Amino acid sequence: MKEKISGADALMRSLISEGVDLVFGYPGGSIIPVYDKLYDYQDKLKHILVRHEQGATHAAQGYARVSGRPGVVIVTSGPAATNIITGVGDALMDSTPLVVITGQVATPFLGFDAFQETDVVGITQPLSKWSCQVRRAEDIPRAVARAFYIASTGRPGPVVIDLTKDAQTGMMEFDYEKCDFIRSYNPSPDIDAADVARVADLINSSERPMILSGHGVMISGAEKGLAALAEKADIPVAATLLGLSTMPSDHPLYKGMLGMHGNIGPNINTNRADLLIAVGMRFDDRITGNVKTYAPQAKIVHIDIDASEFDKNIATTATIHGDARKVLEALIPHIKERKHAEWLATFDEPERVEREKVVMREVYPSGGRMTMGEVVNKVSEATGNRAIVVTDVGQNQMFSARYSRFTEPRSMVTSGGLGTMGFGLPAAIGAKMGAPERTVCFFTGDGGLQMTIQELGTILEYQTDVKIILLNNNFLGNVRQWQSLFFNDRFSQTPLVNPDFVMIANAYGISAENVETRDELDAAIDRMVKHDGAYLLNVNIDETDMIFPMTPAGANVDHIMLTPTECYPID
């Protein structure tokens, strides 16, 4: 006869069976049985007590993004369950595998507005890959197995398991089987040889091809395949925001970032290319600009694990449905060795280089107050371009994306699709725990930091070595930029009256300093990088600093603002 254990015990054993050794969470009434049992598994399951449930989800995202393993979250019912919604939605948009476990009132009280009861499944179904409620202890192992399978296969994403309190306390005979099949769910489609042949023909016959590298390249571990395809056919590569670090920044075929604040060459040449090869990306509006005028000369090849993305935003010429790594491995043998010297030269032609230099004043300013670009550039240099870069959302995010350089994969962690302010601090904590051997540099603005600033308490408790670079302009900077450019300098509710961030950091046991002038910057960065432990630099930034280039929302992708009054000439 099998041993009988509680549902809470079964949950612990199920997580361990899936290889989980770290969870993020916050206890409460409806999840107490699970936390009570967790007490017995402290040698196998390390629990990170965050200071807010939203922080748990973002920390789990950071962990998942750098480790490639699902992040696990455990919280209670009611307000705790609603607090995880932003992180779940963020993870869905950015294809991040999470397994989120919420407590729930006991089954007899469901539907009676019991204390801290919310309809977790109803709320999370539209924002997750899968959401279920478990009301019996014996159903917990199967639910957990399915959750991990769904979260981590195909296009990854968040799943939610809502555990009633009686399911946690009920007794059962434990038996765990990992899930590797669900009827009607096919996360690993067979790659169609005819599709591969068609795409190979398009690549082999193109004269002005360009590869668009998205987050799917990173998720599938296709970085080597991406480089091999580009090198064999001599094709330039540009990255989406979440595709940054899928190719080293110094690779001769890497031409920069795409999109609203991307590099001039890739954006201009998007509308000059005769073939775009999109790998693991979804043609987000921040990439395409005006879809009606996007890539008018190009045939579009789209490679993705999620077939629902095909033709959703941009009409394709050919598609390959499958995992990016496997698709590239199948495609490369059919590709001819080519040279596209003339086409490649257009990315770096003198006129475009000179135009980019207009923007690069941000990195090498001749005077005035400090700029975000120069700070990011100097931090990247000081870390040997090897750090994991975590950002919040806003100007700090775009400057970090443009002026950080990458030498290793899985080095960019940011909220892309949902654009969640407050994402960065907990995500940086999770990233450091997912890759403890690497330096984690977190760039944030004064607005975003204060949305989840309580997570400094998590850094304090677990002595998490995160380097925090606060680009402080006393404004909601990105909104301010739009107000300046498009709303006649009417700065409605964007100036901030800020606290003393150094005092706050010190109160949490974090070393910190103010950097008021450019003359202080290099030495301060050096102290931060060499410091053993968390560190905060509060850097005084010019409040008028703006992020350029910029393609205004809805404009053509090759309509590029270089300054508030200067645009790149349009052919």
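Report follows, based on the coordinates. (Residues numbered from 1 in each chain as written. Predicted model: local features only at pLDDT ≥ 70, side-chain atom pairs only at ≥ 80, totals over all residues. Heavy atoms only, no water.)

**Comments concerning the overall build of the protein**
The helix and strand tally for the protein stands at 24 helices and 22 strands. Over its C-alpha atoms the protein spans a radius of gyration of 24 Å, differing by no more than 12% from the 25 Å that the globule rule assigns to 571 residues. By its C-alpha atoms, the protein is 75 × 60 × 40 Å across when sized along the principal axes. For the protein, buried positions account for 61% of its 571 residues. When the accessible surface of the protein is totalled, it reaches about 22300 Å², and 50% of it is carbon and sulfur. Taken together, the 52 basic and 71 acidic charged side chains of the protein have centroids lying 3 Å from each other. (Helix = DSSP H or I, 4+ residues; strand = E, 2+ residues; numbered from the N terminus. Rg over C-alpha atoms; globule rule 2.2 N^0.38 Å. Buried < 20%, exposed > 50% of the residue type's maximum accessible area, 1.4 Å probe, protein only. Areas by Shrake-Rupley, 256 points an atom, 1.4 Å probe, with all protein chains shown as cover. Lys, Arg positive; Asp, Glu negative; His and termini not counted. Charge placed at Lys NZ, Arg CZ, Asp CG, Glu CD.)

**Some points on the environment of Asp306**
Relative to the elements of secondary structure, Asp306 occurs in the loop between β13 (299-304) and β14 (318-321). By relative accessible area, Asp306 is classed as buried at 18%. As a C-alpha pair, Asp306 and Ala233 span 73 residues in sequence and 26 Å in three-dimensional space. Apart from the residues within four sequence positions on either side, Asp306 is in contact with Arg155 and His321. Among the polar contacts made by the side chain of Asp306, one reaches the side chain of Arg155 at a distance of 2.8 Å. (Contact = heavy atoms within 4.5 Å. Polar contact = N/O pair within 3.5 Å; in protein donor to acceptor, adjacent residues only side chain to side chain.)

**Notes on the pattern of salt bridges**
Counted according to the given criterion, the structure contains 26 salt bridges. Linking Glu138 and Arg136 is a salt bridge whose minimum nitrogen-to-oxygen distance equals 3.3 Å. Look at Glu138 and you get partly exposed, because its relative accessible area is 40%. Of the charged contacts in the structure, one is a salt bridge between Glu329 and Arg325, with a shortest N-O distance of 3.3 Å. Linking Glu329 with Arg325, this pair stays in helix α14 (residues 324-331), spanning 4 residues, or about one helical turn. You can call Glu329 partly exposed: its relative accessible area is 47%. By relative accessible area, Arg325 is classed as partly exposed at 33%. (Salt bridge = Lys/Arg side-chain N within 4 Å of Asp/Glu carboxyl O.)

**Side note on the packing of aromatic side chains**
Throughout the structure, instances matching the rule amount to 8 aromatic pairs. For the ring pair Trp343 and Phe347, a centre distance of 5.3 Å and an interplane angle of 75 degrees mean the geometry is edge-to-face. Each member of the pair, Trp343 as well as Phe347, carries the same accessibility label: buried. A centroid spacing of 5.8 Å and a plane angle of 75 degrees characterise the contact between Phe475 and Phe491, whose relative ring orientation is edge-to-face. In this pair, Phe475 sits in the loop between β18 (466-472) and α22 (477-486) while Phe491 sits in the loop between α22 and α23 (501-507), placing the two residues 16 residues apart along the sequence. By relative accessible area, Phe475 is classed as buried at 8%. Against the face of Phe174 rests Arg13, its NZ or CZ located 5.9 Å from the ring centre. (Phe/Tyr/Trp six-rings, centres within 6.5 Å; stacked < 30°, edge-to-face > 60°. Lys NZ or Arg CZ within 6 Å of the ring centre and 35° of its normal.)

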